[in-house]
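# Overview (structure and organization)
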Amino acid sequence: MPSFAAKCRVVALVIVSVWIGLAALYGLLKPVSNGCIMTYMYPTYIPISTPEELSPGKYGLFLYHEGWKRIDFKEHLKKLNGVPVLFIPGNGGSYKQVRSVAAESDRAYKGGPLEHTFYQEAYLTNEEGGVDMGVARFPLPNHYTRMLDWFAVDLEGEHSAMDGHILEEHTDYVVYAIQRILDQYKESRDARTSDGAAISGTLPKSVILVGHSMGGFVARAAVIHPRLKKSTVETILTLSSPHQSPPVALQPSLGHYFEHVNDEWRKGYEVQKTRSGQYLAEPVLSHVIVISISGGINDYQVRSKLESLDGIVPPTHGFMISSTGMKNVWLSMEHQAILWCNQLVVQVSHTLLSLIDPETGQPLTDTTRRLGVFTKMFHSGIPPNFDWMTKLQLYKKPTHARNKDEKDASGSQVQALSPCPSNMHWTEDGLERDLYIQTNTVTVLAMDGRRRWLDMEKLGSDGKNHFIFVTNLAPCSGVRLHLWPQKGKMAVDQPMSKRVMEVTSKMVHIPSGPAPRQIEPGSQTEQPPPSAVFWLGPEDMHGFRFLTISVAPRPAVSGRPPPAASMAVGQFFSPKDGERGLSPGFLLLSGYSPKEMFLKEDHPLAFNLSFGISLGLLPVTLSLKTAGCGIKTSGLPVEEAGDVENSRLCKLRCFPPVALAWDTTSGLHIFPNIFSETIVVDGSPALWTSTQGSEGTTVLLLVDPHCSYRTSVSASFTAAASRFLLLYCSQIIGFSIAATFFALMRQARSWELDLPIPSMLTALESNLRMPVPFLLQAILPIIISLFFSLLLSQSLPPIASFIVISIICYLFANGSLIILILVTQLVFYVAAIVHVFIKTRWQSWEGNPCFMFLHWFINLTSGFISFKVIRVLRANPVLVTDLIAITLVCFVHPALGLFILLLSHGWCCHNALCSHARRELFDSRNEENSDGFEQFAFKAGPEFKQGLPVDDKGSSSPESAKSYAEGQLEIFHHCHGMFVLHLLSTLMFAPSLLTWLQRIGMGQSFPWFWDSALCIGIILHGICYSKPEFNSMTFPVFDLEIRLSSVYLLAGYSSYISGLALAPYRVFYPMAAIGVVSSVFRIIQRKSKEGEAHFNSRKHSHRH
């Protein structure tokens, strides 16, 4: 019996697991506000006909038309002359989901490109193929020459994320649809020619693919399809699409299909060479680029880690960007909202239109230029990681202005700064008198038309050699910044080394909330939020003495003031003064009581907060409350002055704080107006594939130095539970199977040592004991995985966080498994008690007339049972189970075959528990009143006595009764373990079964061969070990006999590592392997010359 301490451990583990599950459910079900604007449209869907010789099956193809007027479909198809774009819906999606982006594309084509701004733009890095800056910096079109024709495939709303076979069918149809679209353009052109209409432009040779969710993966799968012609797809844009693996990889065929497609993509970017290493041909996919857009933290269905293209598409041919760091979007959105969020679909529409070459009217053929368009349109000037000193500095030794094509001393290309256009130049006569700043902090409260001079040598002393500037003024039109070698005029005839450099284009755009409007100058009630940030490092200032900030004069329209308030704050500071490290212990304790930090006035404008735990796992609520703003008196009564000073007057003096968070997986997250906000990033820390540095998060906090703040940090455990379940659900599933194998190992080991078979609950508790069992089963697989990483020359994850999170996942898996065991065990016990009770009552009702009639009816139908076939089947229940289960697995669906196996285990458990209960009932009543019970047994008839067990010699002694009851209980424990293992296996196929039920009547096909083969192995495993005595089977390997307990231990290790790899479908491999190998050995042993099974010859303490 488990000790009291063991019971306490189990109870504590169950309580913690239940709390995590409920907290996660609460966090996931809470409504989320994403800030998206709805997109409106007037949709019309034109069906594309299919030639008679081609059969598209049950799917369809449509062309989208935007407009409220009724149109003639045939006439509209004749005019088809744009650039084809094919939309592929995702899991359970509809072809009508194309309407938002298609409608905005139509408006964008008619309205023209977005208004040009002068913020710093993102360009291709050398790693992304941007070595030729002339190519990487080419201008975007100033008008659109060709519209986009949006097509969409109708995939009947099938759930492709749950079944690999459906994914293959969708891929086949998309390949057909691509060719059908290109043929339709030829048909339209021929129709116009026959009508005598003027023909212009060339026929499209490629189709742009846009896929949502699983549709994005289908788009990539179509590119490597053997029937797709080369170069018919050159650009793929995916929205919230998993690329690394399925969101929850439960079905083997689904995981295998992902692996196959990703392997083909990796090979597709490899240069083809001969065996001798000579160049043979360009990579097969050298012309294809892929852009993946992630929905960010609010996308619960697909995490950013799965949407990454790392290891699949090289940086020269694609990238992944989160919608939170996407220019002009800056929002996280749900899985479906990414289709209609107006901020995002507008940016996507203009980007796709910008891909069209004005000269040819077709998408750009050069891969670098296409990737450059996506980079310019999607990325902001903010670097994707927290490295401002190197990413934002543009010069190593900028002693003079460089031309666009100039290189530095090392020969690497540098980005040149573009001056403001000539039509926005301000003359010195247009500025008011100059201001000379004598303090480290400079403030602009209005568009006053003045130029502020900052002596960098003087103000940047004492280590304050960095300058940061935040403002809501637009570059060029609102503010301009220059670096001066010396104080003077901007004479262009001066030598290059003495020429003034304009650095306005280094201003980086950041999102901001709406600025407060003012009725008259100075009437605003609060400071507007900043919309741009500007940074200078020591290398940028080298060779210059002064920095000037020129603010434009206030624009006057009919004598009215500008509609919004203006602000700008700059400061010389040392980055070390703003560094704050928040340790893991600090963050964990903040979950119980918020931790406060006080920022005094004249603090650094930029704070670098380093969180020891990733905010992707442990979100924190960051609150900033103004404690003072340097206003000593407000002119109000004393009882009112305190509240006003800390609220209205401080809001008027200080701009709202802004937080910028970087994550190695999802990139940039910006939180404007962060007076109180839960900061969370869509990171993936502590995974086997995580990189160094992912265990923490860096946050840059921009706060007004004029105000003092009382800052509090508190961890949100509820949000952490939600993130934990989202990030590690695949890992937990694999660990649950591993824990079940470890429990079966404990049962098999007990049989081998001639000990009673423990229950599953006892076996699980034993495996959690410290130190040896827990270290061998929870820690050793983690060490093995790290060894594999070293062996394969892969980068190691952050070891400390990786081990801790893996152990927490393992404990949660055990807690969940304990709950499952308790529930199933309770069901079996209740069923057995009810069964014994009914049977006892049944036997006491033999004299009842109703009972006699029922007995006569049963005897009448017993003739059917006397048929030979039925007798054979009744005598071989294992054979019947095998035949039915394997037939369903091969010809219907694997889940149904596993369900039959599950019923077999359940029936075994029920029979054993009923026998145990009847014997216990007989034994207890015999001890209480043997005479009375014998009289009851005599009245009940011989059937009751036949139902009672006897020992080998026919004795009914207490010892033999106890032995039989314990034996039946051991049978139950063994069958219950097999039931739990195969119940988990069946549940893993349940999502696929739902898709199969959805497709009933729509043309079914046979299951995947690999799924059927693995499930047959699982069924053989369940049949081979349907009885406890089979636990003594050994496997002869190289003159060694490997016992079943060792096999289960290795299977547990394999399942554990599969969980770490986020591939829980691989747990079917060891399960099926055990079944197949065991079946082969049993057949060989039965046919051996000795004619005896290869079981250990041991005498058990009781018989079954």
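To start, this report covers the structure provided alongside it. All values derive from a computational prediction rather than experimental measurement.

Rules used in this analysis
- Residues numbered from 1 in each chain as written.
- Predicted model: local features only at pLDDT ≥ 70, side-chain atom pairs only at ≥ 80, totals over all residues.
- Heavy atoms only, no water.
- Pairing = 2+ DSSP bridges.
- Helix = DSSP H or I, 4+ residues; strand = E, 2+ residues; numbered from the N terminus.
- Axes fitted to C-alpha atoms, helices over the stretch in contact; angles between N-to-C directions.
- Disulfide = S-S within 2.5 Å.
- Buried < 20%, exposed > 50% of the residue type's maximum accessible area, 1.4 Å probe, protein only.
- Salt bridge = Lys/Arg side-chain N within 4 Å of Asp/Glu carboxyl O.
- Phe/Tyr/Trp six-rings, centres within 6.5 Å; stacked < 30°, edge-to-face > 60°.

## Focus: the sheet that holds strand S23 (residues 606–611)
- Here we have 5 strands laid out as an open sheet, ordered S21-S23-S28-S25-S26, and mixed in their pairing. The two strands at the open ends of the sheet, each matched to only one other strand, are strand S21 (579–582) and strand S26 (667–671). When strand polarity is set aside, the average angle formed by the axes of neighbouring strands in this sheet is 20°.
- Sheet topology places strand S25 (residues 658–663) next to strand S28 (residues 697–702); 5 bridges connect them, and they run antiparallel.

## Some details on the state of the cysteines
- This structure, assessed with the given rule, holds 4 disulfides.
- Note that Cys36 is cross-linked by a disulfide to Cys341, the S-S spacing being 2.2 Å. Note on the Cys36 and Cys341 pair: the S-S dihedral is about -90°, so by sign convention the disulfide is left-handed. Here Cys36, found in the loop between helix H1 (4–29) and strand S1 (43–47), pairs with Cys341, found in the loop between strand S10 (318–322) and helix H9 (342–354); they are 305 residues apart in sequence, far enough to count as distant.
- For Cys36, a relative accessible area of 16% translates into the label buried.
- Put simply, Cys420 and Cys476 are joined by a disulfide, and their sulfur atoms are 2.0 Å apart. On the sign convention where negative means left-handed, the S-S torsion of about -85° between Cys420 and Cys476 marks this disulfide as left-handed. Pair noted here: Cys420 is in the loop between helix H11 (388–391) and strand S11 (435–437) and Cys476 is in the loop between strand S14 (466–471) and strand S15 (479–484), with a separation of 56 residues, a long-range link. Neither Cys420 nor Cys476 differs from the other in exposure class; each is buried.

## Details of the pattern of salt bridges
- In the structure shown here, the tally under the stated rule is 21 salt bridges.
- Between Glu502 and Arg480 there is a salt bridge, and its shortest N-O distance comes to 3.2 Å. With Glu502 in strand S16 (residues 501–502) and Arg480 in strand S15, the pair connects residues that are 22 residues apart, well separated along the chain. For the pair Glu502 and Arg480, a shared accessibility class is recorded, and that class is buried.

## A closer look at the packing of aromatic side chains
- Within the structure shown, the criterion is met by 31 aromatic pairs.
- Measuring from ring centre to ring centre gives 5.5 Å for Tyr59 and Tyr173, while their planes differ by 65°; the resulting arrangement is edge-to-face. Of this pair, Tyr59 sits in the loop between S1 and strand S2 (60–66) while Tyr173 sits in helix H5 (residues 164–194), and the two are 114 residues apart along the sequence.
- In this structure Tyr59 comes out as buried when scored by relative accessible area, which is 9%.
- Their ring planes at 50° and their centres at 4.8 Å tell us that Phe467 and Phe572 sit as a pair that is tilted. Of this pair, Phe467 sits in strand S14 while Phe572 sits in strand S20 (residues 568–573); the two residues are 105 residues apart in sequence, bridging distant segments of the chain.

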